[in-house]
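# Inside the fold
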Amino acid sequence: MPERLADHTTLRLGGPVDRFVTARTEEELVEAVSTADAAGEPCLVLGGGSNLVVADEGFRGTVVRIATSGLSADVGDDPSCGGAMVTVAAGESWDAFVATAVDRRWVGVEALAGIPGLMGATPIQNVGAYGQEVSQTIASVRVWDRTLRGIRTFANADCGFGYRHSRFKADPGRHVVLSVTFQLPQGDLGAPVTYAELARALGVEPGRRAPAADVREAVLGLRRAKGMVLDTGDHDTWSAGSFFTNPVVAAELVPEGAPTWPAEGGVKTSAAWLIEHSGFGKGYGDDGVGLSTKHTLALTNRGTGTTGDLLRLAREIRDGVEAAYGIRLVNEPVLVGCSL
Ligand SMILES: Cc1cc2nc3c(=O)[nH]c(=O)nc-3n(C[C@H](O)[C@H](O)[C@H](O)COP(=O)(O)OP(=O)(O)OC[C@H]3O[C@@H](n4cnc5c(N)ncnc54)[C@H](O)[C@@H]3O)c2cc1C
């Protein structure tokens, strides 16, 4: 029986693959990708499958699942002023890394607790939530460059990080992330809490700090209430997270009452608000696929859905929002073998 991507994605969707390889070491990873490249075969690098929408027809080519491991830390002698340089293999769980960081008093990733998937994918879309983004703490990213056929290290400034964006996303498939190095201050207090909802949950003024362990717990609580922490028994979490990015538009295009945040090139507004106010409430959909009953921004598989169903729903929502507000939403997850 061929391996099916439905067994490797958080949406539980996606058809069969021709060849499925699990890479447990960096050498195996480079070897598997290079072999497929040399044969001119399509090759998909798979992490935790939490940001992927794969066609029902599956993937004609090789899927390389990353299962590398390892974390090394270079911690300054004087904890009062030194930071930690921490290098983590692409195959490590992101959420487990956040827990380790809080445990070892490394500051700056505590608000990113509960995000599924593996370390290697985090720089690709500059993963972010609750006022933090990995670009704020990443020092460098080590990759296998499939075009130059060599290992390269990009310093933070060369990663082209933006909102849910990076040079790796801009050049899809070219760079296989092998490891990520973070520079993290040490301490018990987390980074300043800039996100209003999180500040309220912690009972601090926006911009003030709170113990990192408390920030992590508060974020996990907020995320669970929105179905944004994976839970096999809860169909609201059978998703790829937020399906649409928050659009950045000219200030005069923002509908009255919609929340806004400052952003480069305009203002960022809430995709969830636009969806809800265009007539797509929580739970909108049918028995196959629907919006999460806890959060309008997550498109979910209710158990019997297909990728075809999910894309139909996504188009209906995108087009409905555009008709109502003239703003075209863009998908956040990576689409494989299919399009919106
Ligand atoms: C319930 C839920 C909540 C979520 N919440 C958030 C959130 O708050 N913020 C946020 O930013 N995202 C969120 N996401 C999206 C997702 O978890 C992140 O984008 C995550 O970083 C994806 O990691 P992954 O290992 O699952 O990647 P995959 O889904 O396996 O892959 C995603 C893309 O990255 C590529 N890729 C994966 N690993 C590598 C690698 N080592 N080298 C090169 N390319 C690679 C893949 O080829 C693919 O193109 C959420 C998802 C879910 C299901």
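Keep in mind it's a predicted model, so treat the numbers as computed, not measured.

## Some words on the overall build of the chain
When you go through the chain residue by residue, the secondary structure sums to seven helices and 17 strands. Relative to the 2.2 N^0.38 estimate, which gives 20 Å for 340 residues, the radius of gyration of the chain is 20 Å and therefore close to what a compact globule would have. Its C-alpha atoms put the chain at 55 × 55 × 40 Å along the principal axes. The 340 residues of the chain split such that 50% are buried. The long-range share in the chain, meaning contacts at least 24 apart out of those at least 6 apart in sequence, stands at 59%. Accessible surface, the chain: about 14,900 Å² in total, of which carbon and sulfur atoms supply 49%. Each charge class in the chain can be summarised by its mean position, and for the 31 positive and 41 negative side chains these summaries are 1 Å apart.

## Brief notes about the site of the ligand
Taken together, the neighbourhood of the ligand is formed by 35 residues, with Val45, Gly48, Ser50, Asn51 and Gly128 sitting nearest. One of the backbone N or O atoms of Gly47 is found 2.8 Å from an oxygen atom in the ligand. Take Gly48: an N or O atom from its main chain is 2.8 Å from an oxygen atom of the ligand. For the ligand, the protein covers 94% of the area, taking 970 Å² as the surface of the free molecule. Taken together, the elements giving at least two residues each to the shell around the ligand come down to strand 2 (43–46), strand 7 (128–129) and strand 11 (175–185).

## Some remarks on the environment of Ser34
Relative to the assigned elements, Ser34 resides in helix 1 (residues 26–38). Ser34 sits in the buried class, given a relative accessible area of 12%. Residues Ser34 and Trp144 lie 110 residues apart in sequence; the distance between their C-alpha atoms is 9.6 Å. Ignoring any residue separated from it by four or fewer positions in sequence, one finds Ser34 in contact with Trp144 and Arg149.

## Focus: the pairing of strand 13 (residues 260–263)
Sheet topology places strand 13 next to strand 14 (residues 266–269); four bridges connect them, and they run antiparallel. From the neighbouring strand, Ala263 faces strand 14, where its bridge partner is Gly266. Hairpin connection, strand 13 to strand 14: the antiparallel pair is bridged by two residues, and Gly265 has positive phi, about 85°.

## Focus on the sheet that holds strand 4 (residues 59–66)
The strand order across the open sheet formed by three strands is 1-4-2, and the pairing between neighbours is parallel. Of all the strands in the sheet, the pair left with one neighbour each is strand 1 (17–23) and strand 2. On average, adjacent strands in this sheet sit at an angle of 20° to one another, irrespective of strand direction. Its contacts with the sheet place helix 1 against strand 1, strand 2 and strand 4, and it is angled at close to 165° to strand 4.

## Details of the pattern of salt bridges
For the structure shown, the criterion picks out 16 salt bridges. Here Arg152 makes a salt bridge to Asp145, at a shortest N to O gap of 2.7 Å. Given a relative accessible area of 0%, Asp145 falls into the buried group. Two residues, Asp236 and Lys294, come together in a salt bridge whose shortest N-O distance is 2.9 Å. Residue Asp236 is found in the loop between helix 5 (212–225) and strand 12 (248–249), and its partner Lys294 is found in the loop between strand 15 (289–291) and strand 16 (299–301); the two are separated by 58 residues along the sequence.

## Quick word on the pairing of strand 14
Judged from the two bridges that link them, strand 12 and strand 14 form a sheet pairing that is antiparallel. Residue pairing in the sheet places Val248 in a bridge with Lys268 of strand 14.

Procedures and definitions
- Residues numbered from 1 in each chain as written.
- Predicted model: local features only at pLDDT ≥ 70, side-chain atom pairs only at ≥ 80, totals over all residues.
- Heavy atoms only, no water.
- Helix = DSSP H or I, 4+ residues; strand = E, 2+ residues; numbered from the N terminus.
- Rg over C-alpha atoms; globule rule 2.2 N^0.38 Å.
- Buried < 20%, exposed > 50% of the residue type's maximum accessible area, 1.4 Å probe, protein only.
- Contact = heavy atoms within 4.5 Å.
- Areas by Shrake-Rupley, 256 points an atom, 1.4 Å probe, with all protein chains shown as cover.
- Lys, Arg positive; Asp, Glu negative; His and termini not counted.
- Charge placed at Lys NZ, Arg CZ, Asp CG, Glu CD.
- Near = heavy atom within 4 Å.
- Polar contact = N/O pair within 3.5 Å; in protein donor to acceptor, adjacent residues only side chain to side chain.
- Pairing = 2+ DSSP bridges.
- Axes fitted to C-alpha atoms, helices over the stretch in contact; angles between N-to-C directions.
- Salt bridge = Lys/Arg side-chain N within 4 Å of Asp/Glu carboxyl O.

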